[in-house]
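Below are the chains, spelled out letter by letter.
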Amino acid sequence: MSTKRELAAKLGVVVGFDDPTADLEQYRTPPAVASHLVHLADLNGDLDGQWVVDLGCGTGMLALGTALCGPERVVGVDLDPDALTTAAGNRQRVGTTTAVSWIQADATGHAVCPDEPVTVLMNPPFGAQNGNEHADRAFLETAADIAAVSYSIHNSGSAEFVESFAADHGGNVTAAYRSSFTLPRQFEFHEADSREIDVELFRIEWA
């Protein structure tokens with residue numbers, strides 16, 4: 001089992017979006033945060049020998065992190081074909097031999113319908129853009145439908161919403177953690193070169 005530091009180092013080669021889209025909230029998940037989430041899933045025995053799905057995988061940070069921890073197979077789903085092309089290149093950079101599939105589709109549209117419940121890891125959009133509020137709800141709905149357990153990253157202050165949503169959909173939040181990461185300036189409306197944001201990580205068991 002890799003340590004968080006070892007995972008973060010291996011994920012440091014994962015590159016982000018060439019031309020990110022604000023409406024999709026396309027940001028590269030920092031390796032330190034990704035390794036934290038993946039390490040938690042690994043410690044809980046939710047990766048080894050399992051099928052893992054990364055909903056809204058972007059350029060593959062979480063999918064490739066889990067691929068380093070002995071799952072049977074990893075599936076990354078994203079709407080953006082350019083991001084998936086980058087994800088495929090990132091797989092070569094990371095060097096994992098685990099079977100990884102990339103599917104171009106709406107991650108909330110049930111593009112993956114496994115016969116058995118899977119482990120879901122995801123960093124869904126926070127709904128920070130006007131007209132995109134509560135964008136993470138649809139991702140949680142999909143996780144509730146296909147997952148035995150899910151790990152997800154949400155904006156700070158989301159605990160009440162996530163716990164209530166899980167309870168209403170037969171789930172139970174078994175762990176919650178605080179973290180933070182730096183968002184670089186990459187869109188015209190960004191005023192600062194970078195901004196530190198607080199985030200919350202959740203583990204949910206689904207019925």
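Residues numbered from 1 in each chain as written. Predicted model: local features only at pLDDT ≥ 70, side-chain atom pairs only at ≥ 80, totals over all residues. Heavy atoms only, no water.

Scanning the protein chain from N- to C-terminus turns up six helices and seven strands. Taken from N to C terminus, the helices and strands of the protein chain fall in the order α-α-β-α-β-α-β-β-α-β-α-β-β. Computed over C-alpha atoms, the radius of gyration of the protein chain comes to 16 Å, within 12% of the 17 Å expected from 2.2 N^0.38 for 207 residues, which places it in the range of a compact globule. Considering only contacts within the protein chain whose residues lie at least 6 apart along the sequence, 70% involve residues at least 24 apart. Carbon together with sulfur atoms contributes 44% to the accessible area of the protein chain, which is approximately 9700 Å² in total. Of the side chains in the protein chain, 12 bear a positive and 30 a negative charge, and the two mean positions are spaced by 9 Å. (Helix = DSSP H or I, 4+ residues; strand = E, 2+ residues; numbered from the N terminus. Rg over C-alpha atoms; globule rule 2.2 N^0.38 Å. Contact = heavy atoms within 4.5 Å. Areas by Shrake-Rupley, 256 points an atom, 1.4 Å probe, with all protein chains shown as cover. Lys, Arg positive; Asp, Glu negative; His and termini not counted. Charge placed at Lys NZ, Arg CZ, Asp CG, Glu CD.)

So, about the pattern of salt bridges. Per the stated rule, a full pass over the model turns up three salt bridges. Asp46 serves as the salt-bridge partner of Arg203, at 3.1 Å between the closest nitrogen and oxygen. One end of the pair, Arg203, is in strand E7 (residues 194-206); the other, Asp46, is in the loop between helix H2 (31-43) and strand E1 (51-55), and 157 residues separate them in sequence. One exposure class covers both Arg203 and Asp46, and it is buried. Residue Glu205 pairs with Arg203 through a salt bridge whose shortest N-O separation is 2.8 Å. Exposure remark for Glu205: the relative accessible area of 36% places this residue in the partly exposed category. (Salt bridge = Lys/Arg side-chain N within 4 Å of Asp/Glu carboxyl O. Buried < 20%, exposed > 50% of the residue type's maximum accessible area, 1.4 Å probe, protein only.)

This model, assessed by the stated rule, comprises two aromatic pairs. Ring geometry for Phe161 versus Phe165: centroids 6.1 Å apart, planes at 55°, classification tilted. Of this pair, Phe161 and Phe165 both sit in helix H6 (residues 159-168), four residues apart, which is roughly one turn of that helix. Using a relative accessible area of 3% as the deciding quantity, one classes Phe165 as buried. With a centroid separation of 6.4 Å and 85° between ring planes, the pair formed by Phe165 and Trp206 is classed as edge-to-face. You can see Phe165 sitting in helix H6 and its partner Trp206 sitting in strand E7, a full 41 residues away along the chain. The exposure classification of Phe165 matches that of Trp206, with both residues buried. These aromatic residues form a ring-pair network of at least three members: Phe161, Phe165 and Trp206. (Phe/Tyr/Trp six-rings, centres within 6.5 Å; stacked < 30°, edge-to-face > 60°.)

Model confidence for the protein chain is summarised by a mean pLDDT of 90, while 91% of its residues fall at 70 or above. Averaged pLDDT values over the elements of the protein chain bottom out at 89 in strand E6 (residues 171-184) and peak at 98 in helix H3 (residues 61-67). (pLDDT = per-residue confidence, 0-100.)

This next bit is on H2. Its 13 residues place the ends of H2 18 Å apart at the C-alpha level, agreeing with the 18 Å of an ideal helix rising 1.5 Å per residue. With respect to burial, H2 is a largely interior element, 11 of its 13 residues being buried. Those residues of H2 that sit buried are Pro31, Val33, Ala34, Ser35, His36, Leu37, Val38, His39, Leu40, Ala41 and Asp42. Count one or two residues on from H2 and you reach Gly45, which has phi positive near 70°. (Expected span 1.5 Å × (residues − 1).)

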